[in-house]
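Here's the letter readout for the chains.
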Amino acid sequence: MAAAEAHEADRGMPPATGGRRIPWADVPAQVRSSIEELLGSKVISAGSQPGGFSEGVAARLRLAGGGGAFVKAVSSLVTPGVAQFHRREIEITRRLPAGVPVPRLLDAYDDGTWVALVFEDIDGRLPAQPWRRAEFDRVLAAASDLAQALTPSPIDSTSLGPARLGGWRALADEGSLGKPADQGFLGELAPWAADHMEKLIALEEAAPSTLTGETLLHGDLYPFNVMLTPDRVFVVDWPHAWAGPAYCDVLTLLSSASLSGLDPQPFAERHPLTRDLGPEPVNVFLAVHAGFLLRLATNAGPGADRNLVGMAIALGEASLRWLRQRI
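Residues numbered from 1 in each chain as written. Predicted model: local features only at pLDDT ≥ 70, side-chain atom pairs only at ≥ 80, totals over all residues. Heavy atoms only, no water.

Chemist: Break down the layout of surface pockets for me, citing the residues and quoting the values.
Modeler: When its volume is computed, the largest pocket comes out at roughly 650 Å³. Forming the walls of the largest pocket are 30 residues, and the residues nearest its centre are Phe 53, Phe 85, Arg 164, Leu 296 and Leu 308. Secondary structure elements with two or more residues in the lining of the largest pocket: helix H3 (80-95), helix H11 (279-298) and helix H12 (306-326). For the lining of the largest pocket, the class distribution of residues is 17 nonpolar, six polar and seven charged. (1 Å grid on protein atoms, 1.4 Å probe; cavity = no way out; pocket = protein on both sides within 12 Å on 5 of 7 lines; lining within 4 Å. Points joined across faces, edges and corners; volume = space filled by probe spheres on them. Helix = DSSP H or I, 4+ residues; strand = E, 2+ residues; numbered from the N terminus. Nonpolar A, V, L, I, M, F, W, Y, C, P; charged D, E, K, R; others polar.)

Set out below in structure tokens:
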């Protein structure tokens with residue numbers, strides 16, 4: 001293994017929770033009261049939950065009347081981008097068909113500043129990381145079932161955001177790609193990418209014609225967006241959903257497997273959504289997936305959440321490792 005490859009492989013799984021969560025108690029009293037009215041009960045305790053990178057509140061609530069709920073909330077004055085994601089997630093989850101393994105949206109709150117989603121409480125946990133093989137197999141099977149249930153997409157494309165894919169052409173135009181290791185962040189981070197810029201851009205340019213389909217995709221299917229119960233696999237956090245080929249969420253999940261020491265290629269050769277694909281669709285997806293993540297990391301300013309940046313780097317490098325192996 002080359003030194004650069006060994007350096008990338010040694011990174012492992014970075015923290016899988018954003019570093020800018022706020023406690024329920026820091027939400028304005030009027031907002032908390034309004035959410036309690038939606039729930040029909042006072043909140044007697046609240047605990048921040050791990051997983052995902054949304055800023056703001058991500059808390060499991062216990063209610064005076066019994067039971068509980070999960071709440072995501074953010075101020076649009078503090079993080080307008082996250083607030084917009086929350087608003088999009090409200091529209092998407094309201095339109096998901098009954099029976100799909102997604103926590104049910106009980107209600108939503110939006111006063112123009114604070115935006116909150118109130119979900120049913122799922123008595124589950126995040127998958128263990130590094131992956132346990134049995135749990136990984138469960139989630140891969142669930143991804144296949146989810147794709148089948150969401151084909152054709154039950155949501156009009158106008159309610160969906162664009163696919164978060166691609167970035168190599170933009171990086172090249174910005175002068176970030178192809179620099180020597182001592183002259184640019186990306187050159188140091190991913191020297192293989194700098195040496196194969198033309199190939200990555202060519203794969204990216206093939207994406208619009210290659211990555212077409214009618215499946216509603218989660219668009220961010222990583223272990224920190226999965227909840228396991230004894231008998232079900234729930235997929236949470238849907239603001240980045242898009243419509244495309246049924247296999248894309250599976251490739252997203254597989255691309256992160258090397259962070260747990262797993263080789264994704266044998267899984268792809270067996271999985272029903274990927275085993276019959278030719279090399280080009282997989283290579284195109286891995287290229288644009290890595291391009292988005294590494295451009296996100298290279299463009300992150302000094303005020304960015306370092307946990308989010310670290311995860312983007314790790315996942316982008318993992319996707320590139322698999323692509324290198326394939327081509």
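Chemist: Describe in detail the pairing of strand E2 (residues 57-63), supporting the description with residues and values.
Modeler: A large share of E2 lies buried, amounting to six of its seven residues. Across five bridges, the pairing between strand E1 (residues 43-48) and E2 is antiparallel. Its bridge partner lying in E2, Val 43 is registered against Leu 63. Two elements, E2 and strand E3 (residues 68-75), share six bridges in a ladder whose sense is antiparallel. For Ala 58, the partnering residue across the bridge sits in E3 and is Lys 72. Hairpin connection of E2 to E3: four residues between the antiparallel strands, including Gly 66 at a positive phi of 100°. (Buried < 20%, exposed > 50% of the residue type's maximum accessible area, 1.4 Å probe, protein only. Pairing = 2+ DSSP bridges.)

Chemist: Mind laying out the packing of aromatic side chains, listing which residues take part and the relevant values?
Modeler: Under the definition given, this model contains four aromatic pairs. On the numbers, 5.0 Å between centres and 55° between planes, the contact of Trp 131 with Phe 136 is tilted. Seen from their ring centres, Tyr 222 and Phe 224 are 5.4 Å apart, and the 35° between their planes marks the pair as tilted. Taken individually, Tyr 222 and Phe 224 each receive the classification buried, so the pair is uniform in this respect. In this structure an aromatic cluster arises from ring pairing among Phe 53, Tyr 222 and Phe 224. When the ring centre of Phe 267 is taken as reference, the NZ or CZ atom of Arg 270 above it lies at 5.1 Å. (Phe/Tyr/Trp six-rings, centres within 6.5 Å; stacked < 30°, edge-to-face > 60°. Lys NZ or Arg CZ within 6 Å of the ring centre and 35° of its normal.)

Chemist: Report on the environment of Ala 172, specifying residues and quantitative values.
Modeler: Structurally, the position occupied by Ala 172 is in helix H5 (residues 168-174). For the pair Ala 172 and Asp 231, spaced 59 residues apart in sequence, the C-alpha separation works out to 47 Å.

Chemist: Just give me the short version of the pattern of salt bridges, but keep the residues and values in it.
Modeler: Scanning the model with the defined rule gives 15 salt bridges in all. In this structure, Glu 135 and Arg 125 form a salt bridge, with 2.5 Å as the shortest nitrogen-oxygen distance. Of the two residues, Glu 135 is situated in helix H4 (residues 133-149) and Arg 125 in the loop between strand E5 (114-120) and H4; the sequence distance between them amounts to ten residues. Between Arg 164 and Asp 220 there is a salt bridge whose closest N-O contact spans 3.4 Å. Placement of the pair is Arg 164 in the loop between H4 and H5 and Asp 220 in the loop between strand E6 (215-217) and strand E7 (226-228), with a sequence separation of 56 residues. Given the relative accessible area of 27%, Arg 164 is considered partly exposed. With a relative accessible area of 13%, Asp 220 lands in the buried category. When salt bridges that share partners are traced, they join Arg 60, Arg 62 and Asp 121 into one network. (Salt bridge = Lys/Arg side-chain N within 4 Å of Asp/Glu carboxyl O.)

Chemist: A description of the nonpolar core should follow, citing residues and the corresponding values.
Modeler: Residues Trp 168, Trp 238 and Leu 320 are the most contacted members of the largest nonpolar core, which totals 70 residues. Formed by 17 residues, the second largest nonpolar core is a distinct cluster that contains Val 31, Ala 59, Leu 63 and Ala 73. (Core = buried A, V, L, I, M, F, W, Y, C linked by side-chain atoms within 4.5 Å.)

Chemist: Break down the pairing of strand E4 (residues 105-110) for me, with residues and values.
Modeler: The pairing of E4 with E5 spans five bridges and is classified as antiparallel. When the sheet's bridge partners are listed, Asp 107 is paired in E5 with Val 118.

Chemist: Please give an account of the packing of helix H9 (residues 248-255) against H11 that cites residues and values.
Modeler: Axis separation between H9 and H11 bottoms out at 11 Å; the angle between their running directions is 65°. Crossing of H9 over H11 shows right-handed handedness. Taking contact as the criterion, the partners of Cys 248, Leu 251, Thr 252 and Ser 255 in H9 are, on H11, Val 282, Phe 285, Leu 286 and His 289. Tallied by class, the residues present in the contact of H9 with H11 amount to five nonpolar, three polar and no charged. (Axes fitted to C-alpha atoms, helices over the stretch in contact; angles between N-to-C directions. Left-handed = near helix turned anticlockwise from the far one by under 90°. Contact = heavy atoms within 4.5 Å.)

Chemist: Pulling in residues and values, what's your account of empty space enclosed by the protein?
Modeler: Evaluated as defined, the whole model comprises three cavities of 30 Å³ or more. One number sums up the size of the largest cavity: a volume of about 130 Å³. Along its surface, the largest cavity is lined by 15 residues, and Arg 164, Leu 165, Gly 219, Tyr 222 and His 289 are the ones closest to its centre. Contributing elements (two or more residues each) for the lining of the largest cavity: H9 and H11. The leading source of residues in the lining of the largest cavity is H11, at four residues. Split by residue class, the lining of the largest cavity holds eight nonpolar, four polar and three charged. Its boundaries defined by the atoms lining it, the second largest cavity holds a volume of some 50 Å³.

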